[in-house]
Amino acid sequence: MASVDTLHVGSVSHGHDHDHDHDHDDLPWIRKYVFSEDHKYIAKQYLISGILWAVLGGLFSLIFRLQLGFPNADLTWLKPILGEWIQNGKLDPEFYLAMVTMHGTIMVFFVLTAGLSGTFSNFLIPLQIGARDMASGFLNMLSYWFFFASSVVMLISVFLKTGPASGGWVIYPPLSALPQAVTGSGMGMTLWLGAMALFIVSTLLGGLNYVTTVINLRTKGMTFSRLPLTIWAFFITAIIGLLSFPVLFAAALLLIFDRSLGTSFFLSEIYIGGEALHHEGGSPILFQHLFWFLGHPEVYIVLLPALGITSEIVATNSRKPIFGYKAMVFSIVAIAFLSFIVWAHHMFVTGMNPFLGTIFMVLTLIIAVPSAVKAFNYIATIWRGNIVFTPAMLFSIGLVSFFISGGLTGIVLGNAATDIQLHDTYFVVAHFHIVMGSASFFGMLAGVYHWFPKMFGRMLDDRLGYIHFWLTFIGVYLVFFPMHYMGIAGFPRRYYSWTGFDAFSYTGETNELGEAIIKFADMNQLITIAAIITFVAQFLFIFNFFYSMYRGRVASANPWKSNTLEWTTPVNPGHGNWPGEIPQVYRWPYDYSKPGAKDDFIPQTVPFSETPESNLPNEVDE
Amino acid sequence: MNSILIFVSVSLILAILFLIFRIGILTNVLKGKSDQQVGSANTINAFLFVVVFVLGIIGFYLSFVHSSKYFLGEPASQHGVETDRLFWIIMSVLTLAFLVTNTMLYIFPFVYRYKEGKRALFYPDNHFIERIWTIIPAIVMTGFVYFGWLVWSDIMKPASDKAEVIEVMAKQFAWQVRYPGVSDNKLGAYHFRKIDATNEFGIDFNDEKSFDDFLPTELYLPKGKEVLLEIRARDVIHSVFLPHFRVKMDAVPGMPTKFRFVPTITTKEMRVKNGNPNFNYELVCTEICGRGHYAMRFPVVVVEQAEYDEWKKKQTPWAQLNAEYVAQKTTKELKEKYLKLNGLPVVAQPEMDSVKVDSTSNNLQALSVK
């Protein structure tokens, strides 16, 4: 393969020549397979944890979807698993809320933050910038194990008799502060807060490492303007995380004080369970400000890595340079900056000062501009390409579709005037599940399909990948698109049932049997069935993943004919990534289909002096 | 027995699928297809994008038609007309953008699918076109922000003195409303420490403005008049949602909020408009508040001004319905005033001894029964 032949060995500019590729084999197995400090191994640990959490998070959503789609079904068959949470064949309403809460928490933090950023930042940063490993392998190892500890604590909370946290993933106090208000706010909430504290530590350790590594350990010639867009995305994501997660930590800490030490940061004038509580002077809205100061950047912590991955995959498989590289970088930076100053658009109807609402509306809608630039640049990249539909490419196009569909509805939600009616309805559920949930999820899947050969030295099965994509892609739209309609009809979210309200049930129509037709009962049923099919389709992927890990076709060194550095390593890179010296970089990573060039790709390690036939006027080796 | 049968058959099916999968791989290896970079699957996938797009657009249209008859219909408030109009204008623009971008996104993969020997166009950037698609969204957003700001600041402007003030209080899991009463038309004070099983609002009866406040079981609103809802919660956060009026505002413990609006369609008119003789407006909770979040319904009735005034006059003040309770809670000086206000005999009481208190409350009870 061209990329291997031209592996160009330059002197490594950024000293730090670990060279522990030879002594790695001597490590005891516990340091090799459990407490590993190798970034590739840690990435796989994150990925497999993420997959396990995704199955659980998806399963939880099916439990509450059963209630919404088939409200009259007898769920006694679930009693062996759910025990007392099933009463008289019905799901307990509090457990319903617990499932909604855990689904959100797991998906946002454990799957799309740890599973996505943790996997690909760890895996790709050293490989794509030309580093032997992360700046600190030890902190990196700690980062995973803090995440693991957090997972264990969160998992334990699911099995509590009083149930896990059930105040929504946003855990607004006073609901989350008072066990009298909902039983999940007892031990379940304590464990939730403990787990999140551990999780934040993990994120900060990881983030510090990513930022340091990108800044300090780039190989010779790997200037910032030659970084693949994946690295730009991971880099900026890590910075957002470092700046916003500590604020959630502060909020969680103050909430712990309110819960356990009797302080009144978020609690005031409460009468519950037949008594007036002593709290006075706190503000529940203060918590929301602190929460969303993380909560909104978190959306981009989840989404930006997925967009970075997509940029790389779309360019590679369109056999075209990414359109507007500089604009893409600028958009990532602009989105990241703006993500810090839009948080209160989640709070238009909390009673905050209307002028503040105006400011946040303006700032929020500005974010649509860099987002639109990104969407247009993706479309321009596939325009007049020579597109190879690998499963990774399919998932990337799916991501762009979700990014557009879900992003557009954000414009109407970000408008304070129209948000009044839509706030906390299914319109919001539809919006963020498409733009943040599904898009990021597709980014993660695209990444796995694309870099699986580098991770395990084998290929995933394509055909299973195609079926997986089409089932999931259509499934996601069937699940979330109808929710827009329900939102416009005013259906509030986190409802166990809507039949208590004429506004959300009465249609005036009857079916052939003379029974009243319930508003959107058909849609809810469709959504639940689509969700079940989509969930089951993921097992195609899981089977493919574990099967191909051992029995898949053996990969070549550069199966996608890609330009980036990771494909210059051996098929199964050892500790330290490159057996010899780290290759030097001479060009940007998107020289695909360059006019005059022999192949339709020129890896970053090929100097301009070797490609006189395709060089642009200003392209000379420094 | 049944479950064993299901288990066995599912396992069998999975085993068969696995065999087919394995055989497929082996035949591909034999045919040498697995070494090929791009096979026939590429064209199929490219074509599927077009199929899914066309079916998707048809589905989009049909599902919209099917669902739109279940939308909330004509807004029953002045500002609701504005927000609805803004919503549908923005949505139309967004739908247009959605169709244009998605058409490209689904058609390009088919048109520019891999072809042997073809070269993609090396086209890394074009500042002109990039400027265009930065500026156009920016202009559109400016328009949205401007009109959004106009509507938003109109909705959020302070209520006039003439507004009909009604207090809405949320608790787990019910709503309660308090009207200022006809004598003074002012809501009495409250304090959360005064809440108990009887006095759920925590009404302060040391404040004489409380004496004529009444707590009906329906939220009555006058048509065409400015209404100011003063909203609070006493345990966790709830959210007042009047879907037909396009009204939403959180109810926060310790931080009263408000929402001003003008109802424009009476319940009777709405019943005719949507052909449902049993139609009723509803008050709904839209902030997760615990087990009964989905069950916080409160009926809302809009009537003509004259009927509204009449209805108000017919309401009995809470203090009168709970005279004994009030007599215990109010101060000595106010008690006389309170009794007078309700047309009760005032007994001069130099000292509050228990016997006399009892006699007073008997009188009061007798009166409230009458």
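Definitions and cut-offs
Position labels on residues start from 1 in each chain and follow its written sequence. For naming, the first written chain is A and the first written ligand is 1, with later ones following in the order written. Only residues with pLDDT of at least 70 get local features here, since the model is predicted, and only at 80 or more are side-chain atom pairs given and counted; chain-wide, interface and lining totals rely on the full set of residues. Heavy atoms from the whole structure form the basis of all side-chain values; hydrogens and water molecules are not counted. A pair of strands counts as paired when DSSP detects no fewer than two bridges linking them. In this description a helix means any DSSP run of H or I spanning at least four residues, a strand means any run of E spanning at least two, and both kinds are numbered starting from the N terminus. A fitted line through C-alpha atoms represents every axis, and for helices the fit uses only the stretch in contact; the resulting angles, taken between N-to-C directions, go from 0 to 180 degrees. Buried residues are those whose accessible area, probed at 1.4 Å on protein chains only, stays under 20% of the maximum for their type, while exposed residues exceed 50% and partly exposed ones sit between those limits. Planes of paired rings set the category: under 30 degrees apart is stacked, over 60 is edge-to-face and the rest tilted, where pairs are Phe, Tyr or Trp rings (Trp by its six-membered ring) whose centres lie within 6.5 Å. For the purposes of this description, domain bounds are those given by an automatic or database domain assignment. By the convention used here, residues are in contact when the closest approach between their heavy atoms is within 4.5 Å. When two parts are brought into contact, each loses some accessible area as probed by a 1.4 Å sphere; the total of that loss over both is the buried area. Within this document, salt bridges are pairs made up of a side-chain nitrogen of Lys or Arg and a carboxyl oxygen of Asp or Glu, the two lying within 4 Å of each other. Counting of polar contacts relies on pairs of N or O atoms within 3.5 Å, with two restrictions inside protein: one atom must be capable of donating a hydrogen and the other of accepting it, and residues adjacent in sequence are counted only when both atoms are side-chain atoms.

*Asks:* Is there a simple way to explain the sheet that holds strand 2 (residues 174-178) of chain B in this structure?
*Replies:* For sheets, the rule is that strands pair by backbone hydrogen bonds, running either parallel or antiparallel. All names here are of chain B. Strand order in the open sheet formed by four strands is 2-1-4-7, and the pairing between neighbours is mixed. Where the open sheet ends on each side, the last strands, each with one partner, are strand 2 and strand 7 (257-261). When strand polarity is set aside, the average angle formed by the axes of neighbouring strands in this sheet is 25 degrees. As paired strands, strand 1 (residues 164-171) and strand 4 (residues 227-233) are joined by seven bridges and run parallel to one another. Looking at the pairing, Met169 lines up with Arg232 of strand 4.

*Asks:* Honestly, unusual backbone geometry in this entry has me stumped. Any pointers?
*Replies:* Most peptide bonds take the trans configuration, and most residues that are not glycine carry a negative phi. Along the chain, A:Pro173 connects to A:Pro174 via a cis peptide bond; the corresponding omega equals 5 degrees. Along the chain, A:Pro174 falls in the loop between helix 6 (137-158) and helix 7 (187-216). Residue B:Phe173 is bonded to the preceding B:Gln172 through a cis peptide linkage, with omega at -5 degrees. Relative to the assigned elements, B:Phe173 resides in the loop between strand 1 and strand 2. A positive phi angle, close to 50 degrees, is found at A:Lys561, a residue other than glycine. Within the secondary structure, A:Lys561 sits in the segment after helix 17 (521-551). Given the relative accessible area of 30%, A:Lys561 is considered partly exposed. The backbone of A:Asn577 sits at a positive phi, close to 70 degrees, despite the residue not being glycine. Here A:Asn577 is to be found in the segment after helix 17.

*Asks:* For this particular structure, what's the right way to read the packing of aromatic side chains?
*Replies:* Here the distance between the centres and the angle between the planes together describe a pair of aromatic rings. If you walk through the whole model with that rule in mind, you get 103 aromatic pairs over all chains. Look at A:Trp383 and B:Tyr123: their rings are 5.6 Å apart centre to centre, the planes differ by 70 degrees, and that puts the pair in the edge-to-face class. Placement of the pair is A:Trp383 in the loop between helix 12 (368-382) and helix 13 (391-413) and B:Tyr123 in the loop between helix 3 (78-111) and helix 4 (127-155), with the two residues belonging to separate chains. Judged by relative accessible area, A:Trp383 falls into the partly exposed class, the value being 28%.

*Asks:* I tried to follow the domain arrangement of chain B on my own but got confused; where do I start?
*Replies:* A common measure of how large an interface is: the accessible area buried when the components associate. Residue and element names in this part refer to chain B. Segmenting chain B into domains produces domain 1 (164-314) and domain 2 (322-370). Listed as interface residues are nine residues of domain 1 and, on the opposing side, ten residues of domain 2. Between domain 1 and domain 2, a total of about 870 Å² is buried, with carbon and sulfur atoms accounting for 66% of that surface. When residues of domain 1 are sorted by the area they lose upon contact with domain 2, Phe205, Asn206 and Phe211 head the list and together hold 60% of the total. At the surface where domain 1 touches domain 2, the tally comes to one salt bridge. Counting every contact that joins domain 1 to domain 2 gives two residue pairs in polar contact (both at pLDDT 80 or more).

*Asks:* What should I look at first to understand the sheet that holds strand 5 (residues 238-242) of chain B in this one?
*Replies:* Residue and element names in this part refer to chain B. Strand order in the open sheet made by the five strands is 3-9-8-5-6, with mixed pairing throughout. The open sheet has two edge strands, strand 3 (219-222) and strand 6 (247-251), and neither has a second partner. The mean angle between the axes of side-by-side strands here comes to 25 degrees, regardless of whether they run parallel or antiparallel. Pairing analysis gives four bridges linking strand 3 to strand 9 (residues 298-303), with the strands arranged parallel. Along strand 9, the bridge assignment pairs Tyr220 with Val301. Lying on the sheet, helix 6 (residues 305-314) is in contact with strand 3 and strand 9; it crosses strand 3 at an angle near 140 degrees.

*Asks:* What's the story with the side chain of A:Ser497 in this structure? I'm lost.
*Replies:* Relative to the elements of secondary structure, A:Ser497 occurs in the loop between helix 16 (462-488) and strand 5 (506-510). With a relative accessible area of 16%, A:Ser497 lands in the buried category. Within the structure, the side chain of A:Ser497 is placed 3.0 Å from the side chain of A:Thr499, a separation counted as a polar contact. Apart from the residues within four sequence positions on either side, A:Ser497 is in contact with A:Gln67 and B:Tyr294.

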